[in-house]
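Structure at a glance
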Amino acid sequence: TGGGWSFAQNTAMSSNTKDGATQSYCTSQTGSTSSTLVSNLQQLASGVNSVLREAQLLPTEESLGQLETTDENFHSYDLVRSLQSRIDAAIGPLVESQVEERALEDDGHHIVAQITDEVFSSQEYNQLYHTFVSDVRDTVDEMLSDPSTLLGLSEGGGAMLGSSHSSATHSTLGGSSASELSSVHQTGLMFMAPEQLQAIAHSLTPEQPLQVRLDVMQHLLQFPAGDLVTCDNWLSLKAVVQEALMDPCSTLTDMTLKLLQRMFAARTALTTREAYLSLAEPLVASAQAAEGGVAGTGERGVVTLAVGLDPADEHCIQMLKRYRLLNYFQNEVPSYWVRYSERIVEEIISCTFMLLSLSYRSPTLLSPTHVISLLDPKASWFRKWMHGQYSRMKVLQALKSRPAVLQCAVSHLMAFGIRPAGGGRSHAVAGSESGHYTERDLQYLNFVHSLCLIERLLLYRGGRELFPLHLPGKEEKVAITDVLVHLLNLMYSLSSVRPTPLPLNSALHASPPPPNHHAFDPTHLISHLLREVVAVTDILCNDVFISTLIDPLKCAMGSQPSPRVCAETLVLMADILAVLASTDTGRHQLLYGEGHPKWSTNKSAAVHTIAEFVVHSLSSGKSSVVPQVTSGWLFVCRQLYNTGEGLLALQSYALHQHIARALKTVAGSGEEGGEETVGFSWEEALLDNLLNFAGTPKGLLLLQQTGLMARCTQYMDHRYKLKLQVSKCEKFGYGCMVTQVASTAAGILELINSGFVSMQVYDLWFLLDGGEGDYRLIAPRAHPLDPMDRATHKAVINLLNILSSYPALYEVLNQTTPRSATPQTTKPQDNSPSTIFELLDRLVLVDSNPKKMALLNYQEAHLFGLRILGVLVTCLDSFLYLESQYSILEALLALQRESIPEDRDFIIIDACSVERGRVLVSCYLLGGPTERKLPPHCLSLPTDSSPWPLFSSFPVPSVYQGEGSWCSRTATLEEGGELHRLLSNGTKESSQSEWLKRLRRVFRAQLQKFEVLPNDVVRLLLQRCVAGQMEERRERVFPIQSDAGQHVQESRAGSSMDTLGAGMVVRYGQFLGALDASGAHATNLINLLVRVRALFVSQQHEKKETKLSSLKGDYIGFDWFTSSVFLLMKGAIDTSWTFLKQFSTLLGSAYVWMPRLHLSSHLPVELAYSGIHPPTAITTHHVELILQSEVPLVYSAFRMSGYTPSQICQHWIRQCFWNFLDWPEVCLYLALCIVMGTDYQVYYCVAVLKYLERDILQHTQEQNLLVFLKEEALRGFHSTHWLDFMEQLELKFRSIVLPAMRQLS
């Protein structure tokens, strides 16, 4: 067929596509006339000059077959356009008809293959193909026979048409036989003989003329790069390629780099290995030769650091090109070397580290590390190598075998400093404007590269195990701490020599910095390293490093002479410590120091220096310290005081008062604008840090005492609406802090005033009913069957979080006035609710048709409201208040009666009637997990077999009551037993203190022997213990009151809550067997409550003006402790009164008995009128403190859920664990708090949360932790099983908890 057929074949192949369209493409030339083909071939030959010239000495069909990808004008050639049009005309109709016929076949995956086979076997295709082959052969023969047709063609084009390919052995598969129809036979394959490859290698040797070497290298570039390394003579070829790489001729070097780049692009394991070694080995040899004072092969000389590096120099250009290709490969190979064998990866890494290790031997020469640092200052290649576990292991192993690499990096760090001759010049990457890199520039880039390399090593355990490191010339090994301390000192020295430092007594009024101006700033690079390795707290948490870090603070306060540090550096140091303080290990280091146990006192700990500096800065005024510096170090303190243990260490510094004074000064000076710089507001920084005191219950009390609760709440509301994080060191928003604030009366009042509560109501109503006005009719929301769906779940939890505590609910319902006092006249369809009362009125108290018609879906909306009500009434005080104000039980019973069909005596079972039944049972019955049985939220059994009957009147069916008569069970102490003797003989045998210690020991032994104690035993135990404690001066903290005027007070009637609560308590007592069926018990209990209230009123502060509704009168809740004592004494009012009067003098009454300190004169006026009860500020605070230390998973789960341990503990304590524990366990809770010590209230709550750990973690994942904790009783919890745990907590924390409880503030 000759050269003409070969050219025509490759021309057709050049337009091939990946889907097998080779045959179709080749046939489009069939109908072309001879003259048209001649002109088309002439145009094509002229247009592909460059390709033909490259193929002139060693032509290949591969180069022509790739014209479509290499020639951007390929599709504009007339020949190609003619081929395309003729294929469409001849084959197009056939393809379309086949597609229409097979369009309805099910097996769609094989339609394309079937149509393709049909086209290839068709007559149209065969005719087109044979015609095309014949026309092209005839046209080429005609052109070769007529020299005039070759005029105008390039030399390469004419040679291509007229010469045979004799320089290589070709096997061209193709011809006019039947096998030509195969697409495989339409490709041209070229094989190089071993003799020719050997000749090429010989022609590339340095002894050959340069032009011959260039021509041979050009030939070599025509071969597929991936095939070269598989040839038998590759080793000999590799040697000459490496010599050509280092040749002084830039053209030859560039062609060699191009060859290696093509080998890299193949990305096969063998090709990658050989290409990298071919590039790296000559660089290693050149560097080794330079160390010996001899230039490498082809090098013109040795580059020294003193001379520097000129990028315009030809020799430097070639060197940079070699290293740039090397660095490019280093960055790219990690993305695919996981497919390679371990041996290849190890060889690549070993060769790289061999090259870098040479930098340490010749400090005066330009080393490979200097060049790589210039090309990749941030060591991005090393970061990628250390990213994956597969390569990281190999890198660390190589560093162990070649320690010179790490020694070199550490040496550069330790030797780097500021030279006086530099004149304070700032470090830059490019040095002078001319582009010449001086020795200073190169050393600094090497420092940056070494810094980034060590940063990645310190992040991994294997990298840290390489330290301590022995450096040549030094006796002592260099540890990680030595490196970090050196870097800190370097930061300080850099800060002190800046030409325009920012001293502590100047403000930051500089112009906005340019973008990325910190990219190569050494102080920012070092601070970035320290912030990155903060996650590895074990290398930063030592006294040497922390002491070095805070030394500038001592200088700023004048307590230690040292160079002054600029403000920007101080801010960076504060950022480092802030991140460290957000970790457990870092917090321990700052609070206690290295080697000191937790909860110990260490005055030399870093926290004290930091706090003193912050106090000094806040007290000195704005002219003394830059606000950014004060804000940065105050943020470090904030990371500590938003936890219990941090607040314990910092409480003596009264930071909240200093922040409040500074904030008032800023607000009153009217110069706020002068305190602001770009991206910083001093006033907002103070507000933000003051707000974070609300992270703990005790901190919330401190925040309230500053008088700035309103401003902080408004600031929090603003950030909450923007969905911002609490800080840069925390991943969560303000949910947990909002819940903490809302747990108190003072906090919820500010949330109401800021509009936060109304916003939550609106969001919930919008999700539930589609919005206001016409919008809900135009775009109503689709409601799923389950009202607690994903769309509304978060809104419900947010609302329940702020209404979880009774003081919050009381303030919300009293601070907001209903739009209409008469529910029947309300027109809810006019607008959406804006208050909690209106929301409950719309969703729960649906007692009229207008209310039902106003709801988009009455059944779902009512069920939704019942779920909310069911959570609210789990707090007994909340239920009594709602019932006394709105008669919710009667409203629910009326709705149950409406569900009874006419002429029937049963209630229709649906989701609403079942949920109403559950709410009615939970409100009517009292009792622990075995004393009452609550029906489920939904029924899964058929109606005829449901064990939960519905009802429309009280009392509830007996099926909902469980075990009772605990108090009627006969059980006495063992005769002659130690506890029997103690309780019978009183204190005759020994002193009071010894008797009390013995009583506690015997009581604990009795609990280990018996799981529960009888009601009579507990009664006698408490009476004897309280009587003994009254005689002990240390235990009696309140004076005893006389009975004068008591009969006058008894004439007062009890409140409606007293009446409702007394009825519930009497029913419960009769169920337990503690009370008989006499009808006087309710009256006696009410009289006892009135007498107790009168006792406390006589010890209260004088009434004063207050915004809190809960502080305008008597205690707003029901006295559940008095009710518990009433049941323990079996309804004996006089015995109960005597016990209560005696107990009111003891410390335990302040925490176990909630009404005891209501507006009490025993508290400071500020605390009494703060609306934050001591059990909230002290007991729950220490519960969170111990939880974070002893049960960290539970503490973290609460933080993630947005709920707080203080709220559920406040719930439990307020009602003495009623409805959560069975009566015997309630008695043991009271006995433990009274007999074992008041601090056992804290340990008891922690033990309960520890018991619930698994459930808490599970429900946190299910995002219903609040609902679970409030609705579910403590099933299976027994106090006796957790005595050992509580005793361990006593030994560890009594010295912290009990003194705080004695202070009552």
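Up top is the structure these notes are about.
The structure contained in this document is the topic of the report that follows. Just so it is clear, the structure is predicted and the values come from calculations on it, not from any experiment.

Focus: the side chain of S743
For S743, the location among the structural elements is in the loop between helix 38 (735–742) and helix 39 (745–753). Once you skip the residues sitting within four places of it in the chain, S743 turns out to touch S805, Q1207 and Q1210.

A closer look at the nonpolar core
Counting 383 residues, the largest nonpolar core has W633 and W1218 as its most contacted members. Among the elements that line this core, the one with the most residues is helix 63 (residues 1223–1236), at twelve residues. Apart from the residues within four sequence positions on either side, W633 is in contact with L553, L570, M573, A574, L577, I610, F613 and V614. Counting 24 residues, the second largest nonpolar core, distinct from the first, contains L37, L67, Y77 and I91.

Topic: the packing of aromatic side chains
How two aromatic rings sit relative to each other is set out by the distance from centre to centre and by the angle between their planes. This model, assessed by the stated rule, comprises 47 aromatic pairs. Pairing Y125 with Y129 gives two aromatic rings, centres 6.3 Å apart and planes at 25°, and the pair type is stacked. Note that Y125 and Y129 are positioned in helix 9 (residues 123–145) at a spacing of four residues, about one turn of the helix. Overall, the relative accessible area of 1% leaves Y125 in the buried class. The class for Y129 is buried, based on a relative accessible area of 3%. Judged by centre distance (4.7 Å) and plane angle (25°), the rings of F264 and F329 are stacked. With F264 in helix 15 (residues 250–266) and F329 in helix 17 (residues 314–332), the pair connects residues that are 65 residues apart, well separated along the chain. Just as F264 is buried, F329 falls in that class too. Three or more aromatic residues link up through ring pairs in this structure, and these residues are W1212, F1217, F1220, Y1229, Y1244, Y1251, F1277, W1282 and F1285. The lysine or arginine in question, R1067, covers the ring of Y924, its NZ or CZ lying 4.0 Å from the ring centre. Over the face of the ring belonging to F1038 we find R1156, whose NZ or CZ atom lies 4.6 Å from the ring centre.

Basis of the calculations
- Residues numbered from 1 in each chain as written.
- Predicted model: local features only at pLDDT ≥ 70, side-chain atom pairs only at ≥ 80, totals over all residues.
- Heavy atoms only, no water.
- Helix = DSSP H or I, 4+ residues; strand = E, 2+ residues; numbered from the N terminus.
- Contact = heavy atoms within 4.5 Å.
- Core = buried A, V, L, I, M, F, W, Y, C linked by side-chain atoms within 4.5 Å.
- Buried < 20%, exposed > 50% of the residue type's maximum accessible area, 1.4 Å probe, protein only.
- Phe/Tyr/Trp six-rings, centres within 6.5 Å; stacked < 30°, edge-to-face > 60°.
- Lys NZ or Arg CZ within 6 Å of the ring centre and 35° of its normal.

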